[in-house]
Amino acid sequence: HFNVLLPMGGLADSLSSCKVLVVGAGGIGCELLKNLVLTGFKNIEVIDLDTIDVSNLNRQFLFQKKHVGLSKAQVAKESALQFCPTANITAYHDSVMNPDYNVEFFKKFVLVMNALDNRAARNHVNRMCLAADIPLIESGTAGYLGQVTVIKKGLTECYECQPKPAQKTFPGCTIRNTPSEPIHCIVWAKYLFNQLFGEEDADQDVSPDMADPEAAWNPKETAAESLASEKDGDIKRVNTKDWARSIRYDPVKLFNKFFKDDVMYLLTMDKLWKKRKAPIPLDWHHLEKSSSPQEVSGGGGLKDQQVLGIWGQCQLFRHSVETLYSQLQEKGEGAELVWDKDEPAAMDFVTAAANLRMHIFSMNMKSLFDVKSMAGNIIPAIATTNAIIAGLIVLESLKILSGQIESCRTIFLNKCPNLRKKLLVPCILDSPSTNCYVCVSKPEATVKLNVHKTTILFLQDRLLKERFGMVAPDVQIEDGKGTILISSEEGETEANNNKFLSDFGIRNGSRLQADDFLQDYTLLVNVLHTEELERDVEFEVIGDAPDKAPPPQANQEEVNNIANGNKESSKQSTSAEGWLEDFLIERFILIRGFIPRFVISPGAARRHHDRRL
């Protein structure tokens with residue numbers, strides 16, 4: 001037990017009466033909810049789509065083992081009420097992107113606090129808060145690093161003012177034909193899981209890519225060179241899942257298909273191997289005869305950090321296939337499995353398949369722990385980082401509720417104290433970007449694409465939803481007729497999906513108006529036709545700002561002062577508020593026992609802004 005410093009007077013009254021929304025009840029969200037009720041907030045609503053997993057329990061301290069499988073939002077509410085039974089907390093086990101949570105829903109809050117872990121939801125909440133004109137406190141953590149910033153319409157940058165780097169993807173021909181890094185093999189193994197057990201996706205084929213322009217070969221002339229040990233392993237089968245069902249998911253036949261026959265077929269594409277080391281096919285029966293008992297074991301140490309021998313990977317592959325096939329049978333005819341990094345059989349399958357492919361392409365194999373980290377895009381989550389960031393969110397919220405939003409800061413949590421012995425580096429909030437396609441008065445973007453190859457469905461899913469963050473876009477052509485390309489009403493424009501933009505007269509210089517009524521957001525898209533996009537690039541947004549340049553060097557002393565957190569406008573070293581903030585932060589770090597061990601420069605944190613989090 002320790003004493004909690006509570007605000008006094010009018011601010012305390014504001015806390016007990018104002019209504020706030022917490023989006024996310026995971027690592028940051030649990031700490032935040034606990035902080036809010038202890039600080040005096042009484043009216044809180046929390047929303048989270050997720051359920052509690054065993055892997056959450058090491059850092060999400062509102063949850064216990066008995067809660068596994070239950071709603072995060074609901075359990076977080078019940079646990080937080082134990083700290084303050086008089087609080088009024090409403091929990092929603094739902095996605096914040098559900099149309100039920102419209103602009104009117106957001107307008108009932110004085111403040112929104114994000115504790116999210118994905119970009120799509122962050123973009124959406126950013127737009128809803130802009131539309132509702134209420135402050136948003138955005139946050140994120142990545143290992144020992146963390147960040148908190150405040151977003152207010154017309155006053156600060158919004159979450160989308162600075163472009164974020166695209167999620168890392170890999171060319172299909174690299175995944176299917178010429179992997180050169182372990183991550184390529186891990187992505188391939190996840191694709192294979194979906195082809196065999198999950199929802200099939202034509203863009204995630206694992207078969208050799210005959211259209212690889214680098215190969216420049218004639219498949220008709222060389223197909224005969226591909227040797228297949230069994231008819232069931234024929235690489236020309238149309239549907240992988242149907243074939244797998246027909247052989248009752250025989251692990252040996254699956255093995256020889258993907259790790260022998262397909263690889264031998266790749267070898268016939270001889271131009272690929274003139275400057276690369278050629279892959280070496282594996283044969284189950286040969287490995288079985290030549291294996292020794294020692295090859296099954298991965299040696300000492302923790303089980304998930306062992307690297308099995310090649311026959312050990314084969315055995316892991318067989319066991320995981322048998323387990324997954326059993327799960328499919330239990331679900332019934334036509335059932336599908338969803339890949340989950342926390343599902344042992346699914347993780348074993350991806351680990352074994354990825355390692356077998358790594359071995360074929362002469363890479364060092366990885367432990368289950370390493371594969372899981374890469375396959376799940378996992379950045380280690382640290383409880384103390386989440387706790388510090390949640391504390392900073394509350395400090396910024398107190399400034400907003402005190403009517404001192406101009407005193408709010410973007411605060412970076414670093415791995416090691418800076419030259420002024422500060423772990424936390426505050427920076428003044430940036431003004432809105434004049435190039436932002438979200439928060440300017442009339443959002444507009446220019447997109448370079450090929451109108452003869454871009455379908456309406458691609459425009460909707462990949463461009464408007466994925467790239468521009470819309471949820472349910474309506475699109476019309478600014479052609480004087482108001483031709484409707486896409487309607488958010490189900491089925492209304494479905495017939496347009498597979499047609500090309502050019503089929504509707506869209507050409508270089510055409511303009512499209514895209515509306516998302518849920519987000520109260522309109523984007524004008526200028527089409528720039530081109531037939532010269534780079535390989536594997538389907539479109540390009542023109543005018544994306546580069547990473548922020550460093551501040552002007554004319555007054556380096558002032559720049560250094562801002563980076564170190566002692567610019568006069570922040571008044572941290574002189575004002576009572578600054579003293580209290582420093583005191584609380586220092587006490588907070590001592591209480592949590594946080595000991596930084598690594599170094600990162602504040603300048604680097606500032607330049608990266610929040611794109612990494």
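Predicted model only: the values in this text are computed from it and were never measured.

Caption draft 1: View of the sheet that holds strand β8 (residues 424–428). With respect to topology, eight strands assemble into an open sheet ordered β3-β2-β1-β4-β5-β6-β7-β8, the strand pairing being mixed. The outermost strands of the open sheet, each flanked by one partner alone, are β3 (88–93) and β8. In this sheet, adjacent strand axes meet at a mean angle of 15 degrees when their direction is disregarded. Relative to β3, strand β2 (residues 43–48) is paired through six bridges, and the arrangement is parallel. The residue bridging Val-46 from the neighbouring strand is Ala-91, located in β3.

Caption draft 2: A look at the packing of helix α2 (residues 27–39) against helix α15 (residues 383–401). Put simply, α2 and α15 touch, their axes get as near as 8 Å, and they point 45 degrees apart. In terms of their interaxial angle, α2 and α15 are classed as oblique. Regarding α2 and α15, the two cross each other, and that crossing is right-handed. The segment α2 lies against α15, with Gly-27, Ile-28, Glu-31, Leu-32, Asn-35, Leu-36 and Thr-39 engaging Asn-386, Ala-387, Ile-389, Ala-390, Gly-391, Ile-393, Val-394 and Leu-398. For the contact of α2 with α15, the residue count by class is nine nonpolar, five polar and one charged.

Caption draft 3: A look at the pairing of strand β13 (residues 521–529). Of the pairings in the sheet, the one linking strand β9 (residues 444–449) to β13 comprises six bridges and is parallel in character. Paired with Glu-444 across the bridge in β13 is Leu-524. Counted between consecutive antiparallel strands, the loop separating strand β12 (residues 511–516) from β13 contains four residues, among which Asp-520 sits at a positive phi close to 55 degrees.

Caption draft 4: Region of interest: the pattern of salt bridges. Scanning the entire structure with this criterion turns up 20 salt bridges. For Asp-242, the salt bridge identified is with Arg-245, shortest N-O distance 3.1 Å. Taken together, the positions of Asp-242 and Arg-245, both in helix α9 (residues 240–246) and three residues apart, correspond to about one turn of that helix. A residue is classified by how much of its surface remains accessible, and Asp-242, at 44% relative accessible area, is partly exposed. Between Glu-478 and Arg-511 there is a salt bridge; the shortest N-O distance is 3.4 Å. One end of the pair, Glu-478, is in the loop between β10 (474–477) and β11 (484–486); the other, Arg-511, is in strand β12, and 33 residues separate them in sequence. Through salt bridges with shared partners, a single network forms among Lys-19, Glu-45 and Lys-108.

Caption draft 5: A look at the environment of Cys-427. Examined against the element boundaries, Cys-427 turns out to sit in strand β8. Taking the relative accessible area as the measure of exposure, Cys-427 reaches 3% and is therefore buried. Taking the C-alpha atoms as reference points, Cys-427 and Thr-410, 17 residues apart in sequence, are found 5.2 Å from one another.

Caption draft 6: Structural view of the pairing of strand β5 (residues 136–142). Counting buried positions over the seven residues of β5 gives six, a clear majority of the element. With helix α5 (residues 119–132) bridging strand β4 (residues 111–114) and its parallel neighbour β5, the resulting β-α-β unit is right-handed. As judged from the seven bridges shared by β5 and strand β6 (residues 145–151), these two strands associate in the antiparallel manner. Of the residues in β6, the one forming a bridge with Ile-137 is Val-150. Joining the antiparallel neighbours β5 and β6 is a turn of two residues, in which Gly-143 adopts a positive phi near 65 degrees.

Caption draft 7: Structural view of the UniProt feature "active site" (unreviewed entry) in the protein. Under the UniProt annotation, the feature "active site" (unreviewed entry) is placed at Cys-173. Structurally, the position occupied by Cys-173 is in helix α6 (residues 172–176).

Caption draft 8: Focus on the environment of Leu-523. If you trace the backbone, Leu-523 turns up in strand β13. Take Leu-523: its relative accessible area is 0%, and that puts it in the buried class. Non-local contacts of Leu-523, meaning those with residues more than four positions away in its chain, are made with Tyr-437, Pro-443, Glu-444, Ala-445, Phe-468, Met-470, Leu-512, Gln-513 and Ala-514.

Caption draft 9: Looking closely at the nonpolar core. By size, the foremost hydrophobic cluster in this structure holds 57 residues, and its most contacted members are Phe-197, Leu-254, Phe-259 and Phe-349. Mapped by element, the contributors of at least two residues to this core are α7 (182–196), α9, α10 (251–267), α11 (284–290), α12 (310–331), α13 (344–360) and α14 (368–375). When sequence neighbours within four positions are dropped, the list of residues in contact with Phe-259 reads Trp-188, Pro-281, Leu-282, Phe-317, Ala-353, Leu-356, Arg-357 and Ile-360. Among the nonpolar cores identified, the runner-up in size contains 54 residues, and Val-23, Phe-105, Ile-151 and Leu-449 belong to it.

Caption draft 10: How the structure looks around the sheet that holds strand β14 (residues 540–542). Read across the sheet, six strands follow the order β11-β10-β12-β13-β9-β14 without closing on themselves; strand pairing throughout is mixed. Edge strands, defined here as strands with exactly one partner in the open sheet, are β11 and β14. Neighbour-to-neighbour, the strand axes of this sheet turn through a mean angle of 30 degrees, independent of strand direction. Alignment of β9 against β14, held across three bridges, turns out to be antiparallel. Residue pairing across strands places Val-447 opposite Val-541, the latter belonging to β14. Here helix α16 (residues 456–467) sits on the sheet and contacts β9, β10, β11, β12, β13 and β14; the angle it forms with β11, its principal contact strand, is near 65 degrees.

Caption draft 11: Inspection of the packing of aromatic side chains at higher detail. In the structure shown here, the tally under the stated rule is 21 aromatic pairs. In textbook terms, an aromatic cluster arises when at least three aromatic residues are bridged by ring pairs, as seen for Trp-188, Phe-193, Phe-197, Tyr-249, Phe-255, Phe-259, Trp-284, Trp-311, Phe-317, Tyr-325 and Phe-349. Sitting over the face of the ring of Trp-188, Arg-357 holds its NZ or CZ atom 4.4 Å from the ring centroid. Positioned above the aromatic ring of Phe-468 is the side chain of Arg-467, whose terminal nitrogen or guanidinium carbon lies 5.4 Å from the ring centre.

Definitions and limits used
- Residues numbered from 1 in each chain as written.
- Predicted model: local features only at pLDDT ≥ 70, side-chain atom pairs only at ≥ 80, totals over all residues.
- Heavy atoms only, no water.
- Pairing = 2+ DSSP bridges.
- Helix = DSSP H or I, 4+ residues; strand = E, 2+ residues; numbered from the N terminus.
- Axes fitted to C-alpha atoms, helices over the stretch in contact; angles between N-to-C directions.
- Parallel < 35°, antiparallel > 145°, perpendicular 65-115°, else oblique.
- Left-handed = near helix turned anticlockwise from the far one by under 90°.
- Contact = heavy atoms within 4.5 Å.
- Nonpolar A, V, L, I, M, F, W, Y, C, P; charged D, E, K, R; others polar.
- Salt bridge = Lys/Arg side-chain N within 4 Å of Asp/Glu carboxyl O.
- Buried < 20%, exposed > 50% of the residue type's maximum accessible area, 1.4 Å probe, protein only.
- Right-handed = clockwise from strand over helix to strand, strands pointing away.
- UniProt positions renumbered as here; feature names shortened; annotations may be inferred.
- Core = buried A, V, L, I, M, F, W, Y, C linked by side-chain atoms within 4.5 Å.
- Phe/Tyr/Trp six-rings, centres within 6.5 Å; stacked < 30°, edge-to-face > 60°.
- Lys NZ or Arg CZ within 6 Å of the ring centre and 35° of its normal.

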